[in-house]
Amino acid sequence: MSTMAVPPEPPHVLAVDDSIVDRAVISRLLRSSKYQVTTVDSGKRALEFLSLDSNVHMIITDYCMPEMSGYDLLKRVKETAELREIPVVIMSSENSPARIRMCLEEGAEDFLIKPVRPSDVSRLCSRLITR
């Protein structure tokens, strides 16, 4: 009786953006890099999802969103014992050094300037694999 090796599950990324277009772009880029992707449209929905399924290997979130910014989501994730080890990547169309520094100091893994490019995703993938 032969036993077949079960392929490892692809890393799971939670993508958070209030823009349907940006969600589709980041989802497509991540899926082309063999990630399992769940998309949500707000920080609040991200926290709801994480309360049900914390088996997420990375969170990638837009900075500017209504109700809860990506920065606020980052702070909530880093304050929660069950979630704080999940790397959080912030994206923004604004290249603001003060904003970038603030997010990195709060614990963001990286800060990407939109539009996100395949090379950005490749860099994130290699960093996630080496964790």
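Residues numbered from 1 in each chain as written. Predicted model: local features only at pLDDT ≥ 70, side-chain atom pairs only at ≥ 80, totals over all residues. Heavy atoms only, no water.

In the annotation of an unreviewed UniProt entry, the protein chain is listed under the name Response regulatory domain-containing protein and assigned to Digitaria exilis. Per UniProt, the protein chain has the following entry under Sequence similarities (unreviewed entry): "Belongs to the ARR family. Type-A subfamily." (UniProt positions renumbered as here; feature names shortened; annotations may be inferred.)

(A) Representation of the environment of valine 16 within the structure. Within the element layout of this structure, valine 16 appears in strand S1 (residues 12-16). In this structure, the C-alpha to C-alpha distance between valine 16 and leucine 73, residues 57 residues apart in sequence, is 9.7 Å. Among all residues touching valine 16, those that are not within four sequence positions of it are Val40, Ser42, Gly43, Ala46, Ile59, Ile60, Thr61, Asp62, Met65, Leu73 and Met91. (Helix = DSSP H or I, 4+ residues; strand = E, 2+ residues; numbered from the N terminus. Contact = heavy atoms within 4.5 Å.)

(B) A look at unusual backbone geometry. Cis geometry marks the peptide bond from lysine 114 to proline 115; its omega dihedral reads 5 degrees. By the element assignment, proline 115 lies in the loop between strand S5 (110-113) and helix H5 (118-129). Even without being glycine, lysine 34 reaches a positive phi, approximately 70 degrees. Tracing the sequence through the fold places lysine 34 in the loop between helix H1 (20-32) and strand S2 (36-40).

(C) Summary view of H1. Taking 1.5 Å of rise per residue, 13 residues should cover 18 Å, and H1 covers 18 Å from first to last C-alpha, within 8% of that figure. Taken together, the buried positions of H1 are occupied by Arg23, Ile26, Ser27, Leu29 and Leu30. Projected down its long axis, H1 shows its buried positions confined to an angular sector of 165 degrees, all on one face. Across from the buried face of H1, at angles greater than 90 degrees, the exposed residues are Ile20, Val21, Arg28 and Ser32. (Expected span 1.5 Å × (residues − 1). Buried < 20%, exposed > 50% of the residue type's maximum accessible area, 1.4 Å probe, protein only. Arc of directions from axis to C-beta.)

(D) Representation of the UniProt feature "modified residue: 4-aspartylphosphate" (unreviewed entry) in the protein chain in the model. Cross-referencing UniProt, the feature "modified residue: 4-aspartylphosphate" (unreviewed entry) maps to Asp62 in the present numbering. Looking at the element boundaries, aspartate 62 is found in strand S3 (residues 58-62). Leave out the neighbours within four places in its chain, and aspartate 62 touches Val16, Asp17, Asp18, Gly70, Met91, Ser92 and Lys114.

(E) Structural detail: the environment of valine 21. Positionally, valine 21 belongs in helix H1. Considering only alpha carbons, one finds valine 21 and lysine 75, 54 residues apart in sequence, at a separation of 25 Å.

(F) Representation of the pattern of salt bridges within the structure. Across all of its chains, the model carries 8 salt bridges by this definition. The residue aspartate 62 makes a salt bridge to lysine 114 at a minimum N-O spacing of 3.1 Å. With a gap of 52 residues between them, aspartate 62 in strand S3 and lysine 114 in the loop between S5 and H5 connect regions that are remote in the sequence. Across the pair arginine 123 and aspartate 120 runs a salt bridge, and its minimum N-O distance is 3.6 Å. Of this pair, arginine 123 and aspartate 120 both sit in helix H5, separated by 3 residues, roughly a single helical turn. One salt-bridge network, in which partners are shared between bridges, spans Asp17, Asp22, Asp62 and Lys114. (Salt bridge = Lys/Arg side-chain N within 4 Å of Asp/Glu carboxyl O.)

(G) Representation of the packing of helix H3 (residues 70-79) against helix H4 (residues 97-106) within the structure. As a packed pair, H3 and H4 sit with axes 10 Å apart at the nearest point and diverge in direction by 10 degrees. Between H3 and H4, the angle falls in the class roughly parallel. In this structure, H3 meets H4 at a crossing whose hand is left-handed. Within the contact between the two elements, H3 uses Tyr71, Leu74, Lys75 and Lys78 and H4 uses Met102, Cys103 and Glu106. (Axes fitted to C-alpha atoms, helices over the stretch in contact; angles between N-to-C directions. Parallel < 35°, antiparallel > 145°, perpendicular 65-115°, else oblique. Left-handed = near helix turned anticlockwise from the far one by under 90°.)

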